[in-house]
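# Architecture and fold: a report
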Amino acid sequence: MSGEALRALSETALALAAAVFVTSLLLLLLGYDPVSSLAVMFTYGLGNVEYVAAVAAPLVLSALAFLIPLRAGLFNIGGEGQAYLGALSFLYFSQQFGALGLLAGGLMGALLGGTLGALRAFLGVNEVIASIMTNWTLYYVTLFLVSRHLTHPEFPHRSIDVGFFLGSWTSFLLALALALLALVLLYNTLLGYEIRVLGSSRRAAAYAGIDVRRVTVLSMSIGGLFGGTAGALKVMYVGHLDTTMSALFGVGFLGIGVALIGKSHPIGAVLSAAFLASMIIGGHWVELRLGTPPELTDVIVGVMVLVLSAPYALKLLQRGGRLG
Amino acid sequence: MVPLVSMKGITKVYADGTVALRGVTFELAEGEVHALLGENGAGKTTLMRILYGELRPTAGEIFVRGQSVAFRSPQEAMRRGIAMVHQNFSLVPSFTVADNLYLAVTSVKPMRRGEVEGRARELGARLGIEVPLEARVEQLSAGMKQRAEILKSLLLDAKIIILDEPTSLLTPLEARALLGLIKELKAQQVSFVYVTHKLREVKEVADRVTVLRKGANVGTFQVSEVSEAEMAKLMVGAEVERVRRSRSGAPGEVLLEVEDLAARDDMGVERLKGVTLSVRRGEVVGIAGVQGSGQKELAEILAGLRRPERGKVRLGGVDVTGRSPREMRRAGVLYSPESREEGLALEMSLVENSVLARQGEHASGVTMNWKSAEERARQIVERFRVVFTDLWERARNLSGGNQQRLMVGRELESEGLLLIAHEPTQGLDVVSAEKVRGEILRFRERGAVLLISSDLDEVLELSDRIVVLFEGRVVGELKGGESDLERLAKLMGGAL
Ligand SMILES: Nc1ncnc2c1ncn2[C@@H]1O[C@H](COP(=O)(O)OP(=O)(O)O)[C@@H](O)[C@H]1O
Ligand SMILES: [Mg+2]
């Protein structure tokens, strides 16, 4: 193993220890027994690997949605909105076209990502601000459609059922295949090279004759493609959307954490998505076994994401967001 | 007498396994200017960052006035009167000079802002250090920034000032002023460590010199007792061959024509105000001028990176005005920019940087052909002796000189007609600089060279003709080789 990989691994191990420490403290403060809670969290999550695969699949994709633009020096906070749009499109198109609904979800996400990219490239609109605005707009659009147009005939609080379904393992393999595709894109194609040069330095990209606008739009579109597919996979797994949005909310945001924990590498994203998925599932078991409220699980997972991604995120900030 | 600073058996192994120093001993006496001389990567900066508390030695001891010290931060070093001025400075660009001084001083000891400014004014006036306290740092020239850094050190009551390659960013006039200031401060009992790879500066300013080679001290001498040739030999471990320029034959047809070119810089300041010049095949044309005379904008226009407001550029008779960087390169322009941050993607590997700006040539369809890219990288690092550990390591891990060799080497290894070389030897040691100069001269056989350099000796030595720019206009043209430095410097100052 190379020195760099070894260092990355020991860094992650340290961060994990820190995360366990912080969450234990939190549990203690709230009056829960940290040892048994964390024991349940770490072991029960891995008890059902198929379940982990199902939860991890959309996270892999929403991480890619953040990761690809990040490699071009762009912050796609819009993965959340892209996931909503992807989920809606899948819900709608899968009724008639089945599996093609997944493609529709991805393409709609790409369209949204590409639009954000074009706003940035041609009008100088900051992609972070535009992303946040579209995220919330689409949140309410989704709520509106679920309760007014795509509503289930018998249960007004939820949408119709999806028209296509893939098993957990198939979904995960699809996500894995797309992660490998992202890997090839970044490291073996001309476009990937251009994306990484742009992420390394805008001046160097101009020097190299790279069309910065084109790469901005393309990388945001590709990010959107993954974001849209993430939403599609998520709604496919749950089977429908409801007016609490609990199935969908946070998929895009969590992807940011997954990408950072995975050190903005597609394979790292797969590993960290699987890990976080097992934490989320383990968290549900903690609720069942120890009677903790579900919000506590969210908090613990949130703290884990923060602490685990902190070393890399800080390094990134120090470098002014420059990546190779 | 106890030396002011004594470093004994300093060894430094970086986290990635690089052994930068191997048991170095270094002494600084009270009131002396001690030059630390060595090639790029010899370990000069590492040794001084250890003294300044920025790095911890892997082994070895440090004594200040005979007392053993182990600094854990620069603040601790500053409390002992040690200050360091980094090669690229460490001022906050968006703050004013006064803000920066206040920030630095109060990180070591509490002081009111008014008092900081008062003392800065008083010190500046007494020592003749002119720095506009209210100006924002980003608006200052490199020379001004350096004076601000030195003033900062003095406000911290530094008795030992470490200057790391202090003239590398300065114009010749600013460099001269700096050497004057050092002598002035020396008279006030300030001691200096003067880090450099330039032999001439050692001779000019230092009392003693310590030569580092590959992380080891290969000798400490009184400067008066050692010749430049001896120092060069110690520094590189071999005799240095000087480039002997052969007069070029009669130049060929006109290759580049620039007509009445005008352009603004990024801030909207008019930098080129109607420049006309031509370069013939087989020529090296030097562009001389103080920083900001328009040479940077000229280079950028020729590389396709800046649009002129007016004027024409013709290459081989074809109008190429306003073409993109890609088109310019296709037309035969090779460009080695002044800044490595521009000419290299520092977060990417040597291989990836070896194909920067010609990435399309190393792709088959949409996929990159890394085999051919690696091949190219290997050619460049071999021919230009780039020192590296792995072709796939990040270019940022290379020392500045190696980055420079990689960048210039990449351009010289490429097919092209016109080479624009902006500060091609900046940060290079004597041997590498001579190597690059030799290659630039050889490039005349393939086309022509436009050489922009603040190293006037270099411009005089390599150029067939020298075009002098002053405030965006051509103020004179000299023959290379036979012209003298004096006349060139006068023209650069705008005297006709
Ligand atoms: N932060 C670092 N990590 C790893 N290696 C380094 C680092 N800084 C410098 N080096 C290596 O240590 C050696 C000495 O570098 P340096 O002290 O910068 O030399 P100099 O200042 O004489 O040019 C070089 O081989 C350089 O690549
Ligand atoms: Mg150095």
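Scroll up to find the structure.
Attention here is on the structure that accompanies the text. Since we're looking at a predicted model, the values are computed, not measured.

### Description of the overall build of chain A
Counting its secondary structure elements, chain A contains 13 helices and zero strands. Ordered by position in the sequence, the α and β elements of chain A form the string α-α-α-α-α-α-α-α-α-α-α-α-α. Principal-axis analysis of the C-alpha atoms places the extent of chain A at approximately 60 × 55 × 30 Å. For chain A, with 324 residues in total, the buried portion stands at 54%. In chain A, the share of contacts with a sequence separation of at least 24, taken over all contacts with a separation of at least 6, comes to 78%. As presented, chain A carries roughly 13,700 Å² of accessible surface, and 71% of it is formed by carbon and sulfur atoms. Averaging the coordinates of the 16 positive side-chain charges in chain A and doing the same for the 14 negative ones gives two points 14 Å apart.

### Describing the overall build of chain B
Helices and strands together make up the secondary structure of chain B, namely 17 helices and 22 strands. For 496 residues, the compact-globule estimate of 2.2 N^0.38 gives 23 Å, and chain B sits close to it at 24 Å. Projecting the C-alpha coordinates of chain B onto the three principal axes gives extents of approximately 70 × 50 × 45 Å. Across the 496 residues in chain B, those meeting the buried criterion constitute 54%. When the accessible surface of chain B is summed, it comes to about 20,900 Å², and 48% of that surface belongs to carbon and sulfur atoms. Computing the positive centroid from 71 side-chain charges and the negative centroid from 71, chain B places the two 1 Å apart.

### Re the packing of aromatic side chains
Tallied over the entire structure, the rule returns 14 aromatic pairs over all chains. Judged by centre distance (6.3 Å) and plane angle (35 degrees), the rings of Phe 93 of chain A and Phe 97 of chain A are tilted. With Phe 93 of chain A and Phe 97 of chain A both in helix α4 (residues 79-97) and four residues apart, the pair spans about one turn of that helix. For Phe 97 of chain A, a relative accessible area of 45% corresponds to the partly exposed category. Among the aromatic residues, those joined into a cluster by ring pairs are Tyr 84, Trp 136, Tyr 139, Tyr 140, Phe 249 and Phe 253 of chain A. A cation over a ring is seen here: Arg 113 of chain B above Tyr 102 of chain B, with NZ or CZ 5.7 Å from the ring centre.

### Here's the deal with the layout of surface pockets
Residues and elements named next belong to chain A. Computed from the structure, the second largest pocket encloses a volume of approximately 960 Å³. Lining the second largest pocket are 32 residues; nearest its centre among them are Phe 249, Gly 250, Leu 254, Ile 280 and Asp 298. The set of elements that each furnish at least two residues to the lining of the second largest pocket consists of α3 (49-71), α10 (212-238), α11 (251-261), α12 (266-290) and α13 (294-318). Examining the composition of the lining of the second largest pocket, we find that 10 residues originate from one element, α13, more than from any other.

### Things to note about the sheet that holds strand β2 (residues 19-28) of chain B
All names here are of chain B. A sheet is described by the order of its strands in space; here four strands give the open sequence β2-β1-β4-β5, paired in antiparallel fashion. Either end of the sheet is taken by a strand with one partner, and the two such strands are β2 and β5 (67-69). Strand-to-strand twist across the sheet, computed as the mean angle between neighbouring axes with direction ignored, equals 25 degrees. Note that strand β1 (residues 5-13) and β2 share six bridges and pair antiparallel. Bridging across to β2, Val 5 finds its partner in Leu 28. Along the sheet face, helix α1 (residues 44-51) touches β1, β2 and β4 (59-64) and points at about 120 degrees away from the line of β1.

### Remarks on a nonpolar patch on the surface
All names here are of chain A. Together, Tyr 92, Phe 93, Phe 97, Leu 100, Leu 103, Leu 107 and Leu 225 line one region of the surface with nonpolar side chains, adding up to about 690 Å² of accessible area. Those elements giving two or more residues to the nonpolar patch turn out to be α4 and α5 (100-123). Within the secondary structure, Leu 225 sits in helix α10. Classification of Leu 225 by relative accessible area gives partly exposed; the value is 31%.

### Quick word on the pattern of salt bridges
Once their charged atoms are close, side chains differing in charge can pair, the charge on each being opposite to the other. Considering all chains together, one arrives at 49 salt bridges over all chains under this definition. Within the structure, one salt-bridge network assembled from shared partners comprises Arg 383, Glu 413, Lys 435, Glu 439 and Arg 442 of chain B.

### Examining the nonpolar core
Ranked by size, the top nonpolar core spans 163 residues in total, and within it Ile 68, Val 197 and Phe 226 of chain A together with Leu 298 of chain B carry the most contacts. A per-element tally of this core places α3 of chain A first, with 15 residues. Excluding residues that lie within four positions of it along the chain, Val 197 of chain A makes contacts with Ala 204, Ala 205 and Ile 210 of chain A together with Ala 345, Met 348 and Leu 356 of chain B. Of all hydrophobic cores here, the second largest spans 85 residues; its members include Val 105, Val 116, Ala 148 and Val 195 of chain B.

### Quick look at the side chain of His 197 of chain B
Residues and elements named next belong to chain B. Turning to its location among the elements, His 197 is positioned in the loop between β8 (191-196) and α7 (199-205). Here His 197 falls in the buried class, since its relative accessible area comes to 7%. Of the polar contacts made by the side chain of His 197, one reaches the side chain of Glu 165; its length is 3.0 Å. Reaching out from His 197, the side chain makes a polar contact with the backbone oxygen of Leu 428 at a distance of 2.9 Å. When sequence neighbours within four positions are dropped, the list of residues in contact with His 197 reads Leu 37, Gly 38, Glu 165, Met 235, Gly 427, Leu 428, Asp 429 and Val 430.

### Things to note about the site of ligand 1
Residues and elements named next belong to chain B. Taken together, 13 residues surround ligand 1, and among them Gly 41, Gly 43, Lys 44, Thr 45 and Thr 46 come closest. Interatomic distance of 2.7 Å between a backbone N/O atom of Gly 41 and an oxygen atom of ligand 1. One of the side-chain nitrogen or oxygen atoms of Thr 46 is found 2.4 Å away from an oxygen atom of ligand 1. Protein contacts shield 72% of the accessible area of ligand 1, which totals 560 Å² for the unbound molecule. In terms of residue count, α1 provides more of the shell around ligand 1 than any other element does, three residues in total. Classifying every residue of the shell around ligand 1 by side-chain character gives three nonpolar, seven polar and three charged.

### Here we look at the interface of chain B and chain A
A common way to report how large an interface is uses the accessible area buried once the components associate. Each partner contributes residues to the interface: chain B has 30 residues there, and chain A has 22 residues. Across the interface of chain B and chain A, roughly 2,200 Å² is buried in total on both sides, 56% from carbon and sulfur atoms. For chain B, the biggest contributors to the area lost against chain A are Glu 347, Met 348 and Gln 359 of chain B; these three give 25% of the whole. Taken together, the links from chain B to chain A amount to two salt bridges. Note that Arg 196 of chain A and Glu 352 of chain B form a salt bridge whose closest N and O atoms lie 2.7 Å from each other. For the side of chain B that touches chain A, a count of residues per class yields 15 nonpolar, five polar and 10 charged.

### Quick look at the packing of α5 of chain A against α10 of chain A
Contact pair α5 of chain A / α10 of chain A: the axes reach a minimum separation of 6 Å and the direction vectors enclose 145 degrees. The way α5 of chain A lies across α10 of chain A gives a crossing that is right-handed.

### Quick look at the pairing of β8 of chain B
Residues and elements named next belong to chain B. In terms of burial, β8 is a largely internal element, six of the six residues being buried. Of the two faces of β8, the one lined by Ser 191, Val 193 and Val 195 and the one lined by Phe 192, Tyr 194 and Thr 196 are each fully buried. As paired strands, strand β3 (residues 33-37) and β8 are joined by five bridges and run parallel to one another. Opposite His 34, over in β8, you have Val 193 as the bridge partner. Relative to β8, strand β7 (residues 160-164) runs parallel, the two sharing five bridges. The residue bridging Ile 160 from the neighbouring strand is Ser 191, located in β8. For the crossover that starts at β7, traverses helix α6 (residues 172-187) and ends in the parallel β8, the hand is right-handed.

### Topic: the pairing of strand β14 (residues 310-315) of chain B
Residue and element names in this part refer to chain B. The sheet contact formed by strand β11 (residues 254-264) and β14 spans five bridges and is antiparallel. Of the residues in β14, the one forming a bridge with Glu 257 is Arg 314. When β14 meets strand β15 (residues 318-319), the two strands line up antiparallel, connected through two bridges. Residue pairing in the sheet places Arg 314 in a bridge with Asp 319 of β15. Here β14 folds back onto β15 in antiparallel fashion, the turn holding two residues, of which Gly 316 has a positive phi close to 55 degrees.

Rules used in this analysis
Residues numbered from 1 in each chain as written. Chains lettered and ligands numbered in written order. Predicted model: local features only at pLDDT ≥ 70, side-chain atom pairs only at ≥ 80, totals over all residues. Heavy atoms only, no water. Helix = DSSP H or I, 4+ residues; strand = E, 2+ residues; numbered from the N terminus. Buried < 20%, exposed > 50% of the residue type's maximum accessible area, 1.4 Å probe, protein only. Contact = heavy atoms within 4.5 Å. Areas by Shrake-Rupley, 256 points an atom, 1.4 Å probe, with all protein chains shown as cover. Lys, Arg positive; Asp, Glu negative; His and termini not counted. Charge placed at Lys NZ, Arg CZ, Asp CG, Glu CD. Rg over C-alpha atoms; globule rule 2.2 N^0.38 Å. Phe/Tyr/Trp six-rings, centres within 6.5 Å; stacked < 30°, edge-to-face > 60°. Lys NZ or Arg CZ within 6 Å of the ring centre and 35° of its normal. 1 Å grid on protein atoms, 1.4 Å probe; cavity = no way out; pocket = protein on both sides within 12 Å on 5 of 7 lines; lining within 4 Å. Points joined across faces, edges and corners; volume = space filled by probe spheres on them. Pairing = 2+ DSSP bridges. Axes fitted to C-alpha atoms, helices over the stretch in contact; angles between N-to-C directions. Patch = residues over 30% accessible without salt bridge, like charges linked within 9 Å, V, L, I, M, F, W, Y side chains within 5 Å. Salt bridge = Lys/Arg side-chain N within 4 Å of Asp/Glu carboxyl O. Core = buried A, V, L, I, M, F, W, Y, C linked by side-chain atoms within 4.5 Å. Polar contact = N/O pair within 3.5 Å; in protein donor to acceptor, adjacent residues only side chain to side chain. Near = heavy atom within 4 Å. Nonpolar A, V, L, I, M, F, W, Y, C, P; charged D, E, K, R; others polar. Buried area = accessible area lost by both parts, 1.4 Å probe. Left-handed = near helix turned anticlockwise from the far one by under 90°. Right-handed = clockwise from strand over helix to strand, strands pointing away.

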